[in-house]
Amino acid sequence: MTPPPSGTPAHPSYPPPLTSQERGLASVVTPQPPTATARPAQPRWARPALLALLLVTAVLYLWSLSASGYANQFYSAAVQAGSESWKAFFFGSSDAANSITVDKPPAALWPMALSVRLFGLGSWAILVPEALMGVATVGVLYGAVRRRFGAGAGLLAGGALAVTPVAALMFRFNNPDALLCLLMVCAIAAVLRALDDGRTKWLVLAGVCFGLGFLTKTLQAWLILPALAVVYVCCAPVALRRRFGQLLLAGLALVVSGGWWVAIVELWPASSRPYIGGSQHNSFLELTFGYNGFGRITGNETGSVGGGGGRPGGGGGWGETGITRLFSSDMGGQIAWLLPAAVILLVAGVWVLRRARRATAAEQAGQRAEFLVWGGALLTTFATFSFMSGIFHQYYNIALAPYIAALVGMGAALLWRRGGRGASLVLAATVAVTAGWSYVLLDRSPEWLPWLRWTVLGVGLVAAVGLLLPVRAGASVRNGEPVGDGKPVRDGDPARAGAPAGAGAPLRAGRRVAVLAAGLGVVTALAGPLAYTLDTVNTPKSGSIITAGPSVRGGMGGPGGGFPGGRPPGMWRGNNGGTAGGAPGGGQGAQGGQGAGGPQGTNQATRQGNGQAGNQPGNRAGNQPGNRGRLPGQAAGRQGTGRPGFPGGAGGPGGLGERGAGRMGGMGGLLNGSKVSAKAKALLEKDAGDYTWAAAAIGSQNAASYQLATQKPVMAIGGFNGSDPSPTLAQFKAQVADGKIHYFIAGGRGGPGGGQGGSPKITSWVTKTFKKVTVGSATFYDLTRKA
């Protein structure tokens, strides 16, 4: 063996080994070389951390789940029907006798209906599939982000999604939005894999996800399609001609996976299938492009609540449109906590990676493509939601939640690893802006956890300053370590020969300060949404329209069934989104609102649920089980100025807060179902097997209450809004003559949607022709006995 040259040490001088703490930090923040194509190595703690994240998410979404009962009874009734009849399962019918469908395609109903077939009808059987979809969405998002940005970024993205208030709200509810959110995240994950290796199968899988998304919530599933297609054409690692061919195959997969059901429905004889709810001419294509399609953009939604044409002022009856819409009082707390941070980090990420070329820096080019995909999805959806003039509810914002969470995780990880003065300044500014915005959102509920907003603001500013300290000291953070001239510093490093002994110690101390500041920044960013989410989890939700978090000052939040503009006059948005005075309740309601004030009243709603609404007679609000003593729409322990309530509103007789039987919900049962007494249930169940429908009621929510109570088919006249022309008066008369319907349930009303529904004529004919039967406070008409 040849000895080393004279003067050369026998062994090269290596830096001293890292401590266990430094190794743990390096596993999070050490990037791959700039030109490497390998993914960041997964540290040993990554898998346990992921399992812990999924477990916590599952506990969060399953906690006290049954307190919400049947949640949205409109969909629960269709689930019950699908568990009894495969035909109702296929079409998404509101009842097992297949009179009319829900106003959406049926894909979101199928998992719940199968669960009910397996485990029986109940709250858990209906809602657990939705919660599991939430856990799956967090897991898929983690995997999509981790591939290029590391486990730390994936955990931050997954955690941010899990505690987003509107996500926690909808993954514990039975609207279609939970499945749609999962499918969109899966679609984006597949597109990112295609951008990674150019393989066609991933684009085809994305097409299948978009097709199933269409069968979940029609055209909303395609909002982000153009952005993703453009990014793929520009950034895919294959020849341009091949890119277009792959997109055509993906489009074919979309058409097949989403179009097979549409083709069957359109070709099926209308006389032997249920009426297509939400349409005015019994056509699913009309429903797709009208009420559920372009009508949502223009506001011209014939047959909807407040539909029948756009209105001046932008937004029709669904609130003001514009760039600030999602930051408003009733929207901000649902989704906007991290929205400013996501936009800042999106711009920063694209700027940092702007010069990356796939030929020389494949990994950076791939990261830039991922920023463009998630950013394109965010900006497209944000713009649509901000300016659409048709029906728009707060819970729609769940669509934005994974895009925001992904950009926050990716951007924070990228800047943390990159380091430098600019990256440190951007991270500090992001933390400061997020803390300030969280203070604004929390200040909208001044009597709810008043200490939290000041804590978030103070800790956030401290974290921002902590991220700046290395910069002020003449160093910055690169690859997770403070640097002075752009190189990591360690004692004994030959690359820093001549440096004073112990020069690395102050910089390692600065690194620890930066790590601590980053941790505080994450806590600051997630504290507000987590508090909102915990409030949401602990509050039962029911009705057509729900919101997350506490009551907000100046909010126009959705009632327990919505209302054009978010609320009728005098409504104060509460945790359960309940009505504060519905529309006329079929003549059963007294004046006044629920915790909102009757005419010229002052409202004081307490957690005991005893608040008086404008000191009007009959306004005592009863407690709802498990709702912490306050009712849907009721302000929690605070005072507000009441405005005129709506007759028949919740909280007065006939309202949501009344324990009595047969009471109509908000807007005469249009937006929430009725309370069904044991006597009313027994009446409908008697001889129900001799009839096709045990009863008929105006509007799907009214019908759903009795159907879920009896598990017998109840016809929903006019569909959800009571404005669909199904059945017509002539058809209803023929069905009564044939002995198919036993009772007519009084008290419902059709929505003011400009539709062609015959519900007023049917009501008039029934009340004049048949014998009235009163059971408690509920009124029925026996369609087998003339008056």
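As a reminder, the structure under discussion sits directly above these lines.
Residues numbered from 1 in each chain as written. Predicted model: local features only at pLDDT ≥ 70, side-chain atom pairs only at ≥ 80, totals over all residues. Heavy atoms only, no water.

(A) Quick peek at a positive patch on the surface. Taken together, Arg 354, Arg 355, Arg 357 and Arg 418 make up a surface patch of like positive charges. For Arg 418, a relative accessible area of 44% translates into the label partly exposed. (Patch = residues over 30% accessible without salt bridge, like charges linked within 9 Å, V, L, I, M, F, W, Y side chains within 5 Å. Areas by Shrake-Rupley, 256 points an atom, 1.4 Å probe, with all protein chains shown as cover. Salt bridge = Lys/Arg side-chain N within 4 Å of Asp/Glu carboxyl O. Lys, Arg positive; Asp, Glu negative; His and termini not counted. Charge placed at Lys NZ, Arg CZ, Asp CG, Glu CD. Buried < 20%, exposed > 50% of the residue type's maximum accessible area, 1.4 Å probe, protein only.)

(B) The packing of helix 14 (residues 339-352) against helix 16 (residues 401-418), seen in detail. Taken N-terminus to C-terminus, the directions of helix 14 and helix 16 make an angle of 50°; their axes are 8 Å apart at the nearest point. By the angle class used here, helix 14 and helix 16 are oblique. As for the relative orientation of helix 14 and helix 16, their crossing is left-handed in sense. Counting all contacts with helix 14, which are made through Leu 339, Ala 341, Ala 342, Leu 345, Leu 346, Ala 348, Gly 349 and Val 352, the residues of helix 16 involved are Ile 404, Leu 407, Val 408, Gly 411, Ala 412, Leu 414, Leu 415 and Arg 418. Within the contact of helix 14 with helix 16, the residues separate by chemical class into 13 nonpolar, 2 polar and 1 charged. (Axes fitted to C-alpha atoms, helices over the stretch in contact; angles between N-to-C directions. Helix = DSSP H or I, 4+ residues; strand = E, 2+ residues; numbered from the N terminus. Parallel < 35°, antiparallel > 145°, perpendicular 65-115°, else oblique. Left-handed = near helix turned anticlockwise from the far one by under 90°. Contact = heavy atoms within 4.5 Å. Nonpolar A, V, L, I, M, F, W, Y, C, P; charged D, E, K, R; others polar.)

(C) Up close: the nonpolar core. By size, the foremost hydrophobic cluster in this structure holds 143 residues, and its most contacted members are Leu 141, Ile 188, Leu 195, Trp 374 and Ile 404. The element best represented in this core is helix 6 (residues 123-162), accounting for 19 residues. Not counting residues up to four positions away in its chain, the partners in contact with Trp 374 are Leu 141, Ala 144, Ile 188, Leu 192, Pro 402, Tyr 403, Ala 406, Leu 407 and Met 410. Formed by 17 residues, the second largest nonpolar core is a distinct cluster that contains Leu 683, Ala 695, Tyr 706 and Val 773. (Core = buried A, V, L, I, M, F, W, Y, C linked by side-chain atoms within 4.5 Å.)

(D) Looking closely at the layout of surface pockets. Of the pockets and cavities examined, the largest pocket occupies roughly 800 Å³. Every residue lining the largest pocket is counted, 33 residues in all, and those nearest its centre are Leu 156, Ala 412, Ala 413, Ala 518 and Val 522. Only helix 1 (20-29), helix 6, helix 14, helix 16, helix 17 (420-443) and helix 19 (504-537) provide two or more residues apiece to the lining of the largest pocket. Counted by class, the lining of the largest pocket contains 25 nonpolar, 7 polar and 1 charged residues. (1 Å grid on protein atoms, 1.4 Å probe; cavity = no way out; pocket = protein on both sides within 12 Å on 5 of 7 lines; lining within 4 Å. Points joined across faces, edges and corners; volume = space filled by probe spheres on them.)

(E) Region of interest: the sheet that holds strand 9 (residues 770-775). The strand order 7-6-8-10-9 describes an open sheet built from 5 strands, whose pairing is mixed. On the outer flanks of this sheet lie strand 7 (714-717) and strand 9, each paired with one strand and no other. Adjacent strand axes in the sheet meet at a mean angle of 30° when their direction is disregarded. Strand direction decides the pairing type here: strand 8 (residues 741-745) and strand 10 (residues 778-786), joined by 3 bridges, are antiparallel. In the strand pairing of strand 10, Phe 744 is matched with Tyr 781. (Pairing = 2+ DSSP bridges.)

(F) Spatial organisation of helix 10 (residues 225-235). Every buried residue of helix 10 is accounted for by Ala 227, Leu 228, Val 231, Tyr 232, Val 233 and Cys 235. In this structure, the buried side of helix 10 is in contact with helix 8 (177-197), helix 9 (200-217), helix 11 (240-267) and helix 15 (362-387).

(G) Structural context of the environment of Phe 294. With respect to the helices and strands, Phe 294 occurs in helix 12 (residues 284-298). The exposure class assigned to Phe 294 is exposed, which follows from its relative accessible area of 51%. For the pair formed by Phe 294 and Ser 389, sequence separation is 95 residues and the distance between their alpha carbons is 10.0 Å.

(H) Looking closely at unusual backbone geometry. Cis geometry is adopted by the peptide bond preceding Pro 727, which originates at Ser 726 and carries an omega value of -10°. For Leu 449, which is not glycine, the phi dihedral falls at a positive 45°. Tracing the sequence through the fold places Leu 449 in the loop between helix 17 and helix 18 (450-472). Positive phi is not limited to glycine here, since Gln 711 has a value of about 55°. Along the chain, Gln 711 falls in the loop between helix 22 (700-710) and strand 7.

(I) Molecular detail of the packing of aromatic side chains. If you walk through the whole model with that rule in mind, you get 29 aromatic pairs. Each ring, one from Phe 90 and one from Trp 261, has its centre 6.2 Å from the other, and the planes form 45°; the classification is tilted. Residue Phe 90 is located in helix 4 (residues 86-91), and its partner Trp 261 is located in helix 11; the two are separated by 171 residues in the primary sequence. In this structure, Phe 90 and Trp 261 share a single accessibility class: buried. (Phe/Tyr/Trp six-rings, centres within 6.5 Å; stacked < 30°, edge-to-face > 60°.)

(J) Structural view of the environment of Phe 720. Relative to the assigned elements, Phe 720 resides in the loop between strand 7 and helix 23 (729-737). In the structure, Phe 720 is positioned 619 residues away from Thr 101 in sequence and 9.3 Å away in space, judged by C-alpha atoms.

(K) The arrangement of the pattern of salt bridges in detail. By the definition in use, this model includes 8 salt bridges. With a shortest N-O distance of 2.9 Å, Asp 196 and Arg 148 are connected by a salt bridge. Separated by 48 residues along the polypeptide, Asp 196 in helix 8 and Arg 148 in helix 6 bring together distant segments of the chain. According to the relative accessible area criterion, Arg 148 is buried, its value standing at 4%. One network of salt bridges, with partners in common, ties together Arg 147, Arg 148, Asp 196, Glu 363 and Glu 370.

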